[in-house]
Structures are given as C-alpha cells and as structure tokens.
Amino acid sequence: MKTPEFVWTRRHVVALLALCTAQVLDAVDSTVVNVALPAIQDDLAFTAADLSWVVNAYMVPFGGFLLLGGRLGDLLGHRRVLLGGIALFTGTSLAAGLAQGAGMLVAARAVQGLAAALIAPMTLALISQIFPDGRARARALALWGTATVVSGALGLVAGGLLVDGPGWRWIFFINVPVGALLLVAGRVLPGRAEGRRSTEFDFVGAATATVGVGLLIYGVLRAQWWLVLVGVALLGYFAVHEAAVAKRPLVDFGLFRDRALVGANLIQMVRASALFGLFYLATLFMQDVLGLSALATGLAYVPLTLVMVAASWLGPGLTRRLHVRTVLASGALLAAAGLLPLAWISPDTGLLMGVIVPLVVFGAGLGLIVVPLTNAALSGVSPSAAGVAAALLNVSAQLGGAFGLAVLATAAAARTGDRLREGTPMDLALTDGYGSAFVVSAFLMALCAVLAITFFHGRKDAAA
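Criteria and cut-off values
- Residues numbered from 1 in each chain as written.
- Predicted model: local features only at pLDDT ≥ 70, side-chain atom pairs only at ≥ 80, totals over all residues.
- Heavy atoms only, no water.
- Helix = DSSP H or I, 4+ residues; strand = E, 2+ residues; numbered from the N terminus.
- Expected span 1.5 Å × (residues − 1).
- Buried < 20%, exposed > 50% of the residue type's maximum accessible area, 1.4 Å probe, protein only.
- Contact = heavy atoms within 4.5 Å.
- Patch = residues over 30% accessible without salt bridge, like charges linked within 9 Å, V, L, I, M, F, W, Y side chains within 5 Å.
- Areas by Shrake-Rupley, 256 points an atom, 1.4 Å probe, with all protein chains shown as cover.
- Salt bridge = Lys/Arg side-chain N within 4 Å of Asp/Glu carboxyl O.

Visitor: Quick question: what am I supposed to make of helix α14 (residues 302-319) here?
Guide: For an α-helix, 3.6 residues make a turn, and residues three or four places apart therefore share a direction. With 18 residues, α14 should reach 26 Å at 1.5 Å per residue; the first-to-last C-alpha distance of 26 Å fits that figure. Those residues of α14 lying buried are Leu-304, Thr-305, Met-308, Val-309, Ala-311, Ser-312, Gly-315, Pro-316, Gly-317 and Thr-319.

Okay, here's the thing in structure tokens:
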C-alpha cells in the first residue's frame, strides 16, 4: 500500500520556523560572547585567567546535560521540555544582561548552558516526529541545517554590532524578546510530538553521564588530564550500568546496533574537531596577524556561511541520486582540500585569496554533509528514542569540538614556541603555528571521508 504524500500546512511551517529559531537562539549564544570578551573583562573586572569562564561556564553544562535533556524529552514530552528550556534560557539571558559582577555572570551562563541542553536535542527530536521519513523530513532538516550553519557567523557579526553599538549586555538582552515569541509560537507544535509519561527514571545513569561528560569537556578545555581520566572512568561505569543494571536505561544501547547512527556520531565528532579549531585559529590569525577588528572578522565569515547554506540545500538532492556515503565522503574531501592552502599562510597573506576563498571551499564541502549526516543519525530511530538519539549527536559535536580545540590550539602553540626559540619574528612564528594546525584540520576532514566509506558502505539515503 502506497504511503500517502505528506501535505504541508501553515501549522507545519510555523512549527518548523519555531524549531529553527530555537536552534539559532541556542547556537548563537555559543559564539556571540567571544567578540564581547574584552568589553566584559573591562566592565566586570574579570582577571585574564577567569575570563575564559564566560565561555566555559556555558559549554560544560551544555555538553554534560545533553543526554539527560534528551531522555527527559522522551519521558515527559519533547514539546514540554523544549518550552521549559526556552523559558529557562530567556530568564537566565535577562540575568546575564543585568549581571553586576563576574560571579553573577558566570552563574547565569552556567544555567544558560543547562537550558541549552534541554533545547538542542528537542529541536531535532520534534522534527523527526513531526515530519515523516522522506522528502518532507529532508526539507525540514535542510532548513534546520541552514539555521545551524548561519548561527556561527551570525553570532560573530551580531556580537560585533551589539558590542560596538548599545553595549555587551545586549548580546544577552536580545534573547529575551526572541524567547518570548518562541514560547508563544511553540504552542503550535502538534500534540503527537509529546513523549510518553513515566514515573521511572534512571537517576544513577543520569548522574554518571552528566558528570562524566561534563568533566571530560572541562578537563579538555582546561588541559587537566586527570579530570579527563575521571570523566572517562565515569562514562565507562555509565556504559556498564546502562547495559547490565538499569531497569529503564537512560540510553538504550540497542541504538548502537544501527551502523548509520554510530557512523554519523563518529563523523560528527571528527567534523566538529576540525570546525571548532578552525574558527578559533582563523579568528586569531585575522585579528592578531592581519589586524582586523572583531566586526570585520565576523563579516569575513559571511561568504563561508552563504556557501554552506547553499551546499546544505544541495545535499538532500544529491543523496536521492547517489549513495549517502558518496555525498559524505565527497563533502569531507572537498572541505579538506579547502583547508590545505591555509597551511601556507603568512603575515603577507591577502584576506580574500589567502583566507576567504579557502574558507569558502571548506564551507562548500562541510555544507554538503550537514543534512545527510543528521538524517542518517535519526532515520532508523523510533519516536520514543528520538530525544536521546538527537542528544547523542549534540554530545558528539561538543566532545569533538572540545578535543579539537584543545589539540589544534596545543599544536599551534607548540609550533609557535619552537619557532620563537629559533629567533623567528612573532608574526611569522604565529602563522607557522596556525598553518601546522590547519594541516591537522585537513587530516581530520579526510578522516571523515574514511569513516563515511566504512560505515555507510552500500547504504542508500533514507530520504530518497
């Protein structure tokens, strides 16, 4: 019997726009604060050592609570948890904007990260339930992917405009009216997106997963490797507890029998490692070596963003004609090719041909894989596990990003230090360090192609 064709209604359009806006609200806050750090430091008297907590206080609970947030959505209802997360995020944004001291801002950012962990997996889980597997979901994910892609550059540009305009507090105040609108628009989400209620909950699993992931991310960000080992040990116990002890596990390990889900999460982790490190190092190069302002640096990422958006819309169409592994591998190799020219940057490198054009090539390859990768991770998952599956994809991105940032920043610093000891001028030493890290980024994207061929061999895209 032929499955009836999905019919888009105004309710579906409003619901999708609300979910994409929630994704933007969530993702922008990860980047918008970066360009405001100097102004925040001056206004609230942060020490240089403590300033990183404005970023880390958000990232650690965000990564740590993702699995818990995904599972709560599966148990209590995805719409309910999403709206609760948005309400909490809106309130803490107001508190961050009103902060009168460093401690108050860091505390508000930490609760913001917790709220973001409730929002992020719910947007994907609701899309996978509202839109049936096939072209409707592929189009919905393409728009969601566009929102995700735009968020990074939007945060940098918006941050520069707000800091240079009304002041740094407005990077938080702007979330308040957006959050209020989302709370109204979120009520159009179909009731069938609600999860099943349950009074049983795996508190031990939730605690070990949350603390384990949180320590892992924090340990990597702060280069405290004993914390990384403790985090790994807790996650090891979490795996044993979920598989052999828990009556109602936080994570059903049967999910990992799906090769597509496992492969998608591995690619997501490696891809994020290359991406997070690239943005960090390219931003430093443009500001510290080329002398660009924060706003000009944000604007330099706009071509990359536009190309990623265009490529993300091409991805679903290509996967209807080709194997998903072909699209994923081709996109990863194209991204790697875009990174290689950055290995030869110097203080005399031109912004357009030396930085923006390679970033555009990188963005084209990365954009091709956004939607096929997300769809592959969710296509074989039942509605009752959609929240956890979406959370796993977000956890992979956070872990990969933290490790990538730590590894690439360390590689760049080590190379720069070696060159300085040889008597090399600072600008040349910095660019040599950045260039060596970009080579590692290119290798990571090439590894994504290997993973795609390995895990998606013989598989056609689910959205075909």
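Visitor: Would you mind showing me how to read the environment of Ala-108 here?
Guide: Positionally, Ala-108 belongs in helix α6 (residues 102-130). A relative accessible area of 6% means that Ala-108 is categorised as buried. For Ala-108 and Ser-30, which are 78 residues apart along the polypeptide, the C-alpha to C-alpha distance reads 14 Å. Not counting chain neighbours up to four residues away, the residues in contact with Ala-108 comprise Thr-92, Ala-95 and Ala-96.

Visitor: Sorry, what's going on with helix α16 (residues 351-378) here?
Guide: Helix length check: α16 (28 residues) gives 39 Å between terminal C-alpha atoms against 40 Å at 1.5 Å per residue, within 8%. Here α16 lies mainly inside the structure; 22 of its 28 residues are buried.

Visitor: How do you make sense of a nonpolar patch on the surface when you look at a structure like this?
Guide: Together, Trp-8, Val-13 and Leu-17 line one region of the surface with nonpolar side chains, adding up to about 250 Å² of accessible area. You can see Leu-17 is positioned in helix α1 (residues 10-31). Note on Leu-17: relative accessible area 46%, which makes it partly exposed.

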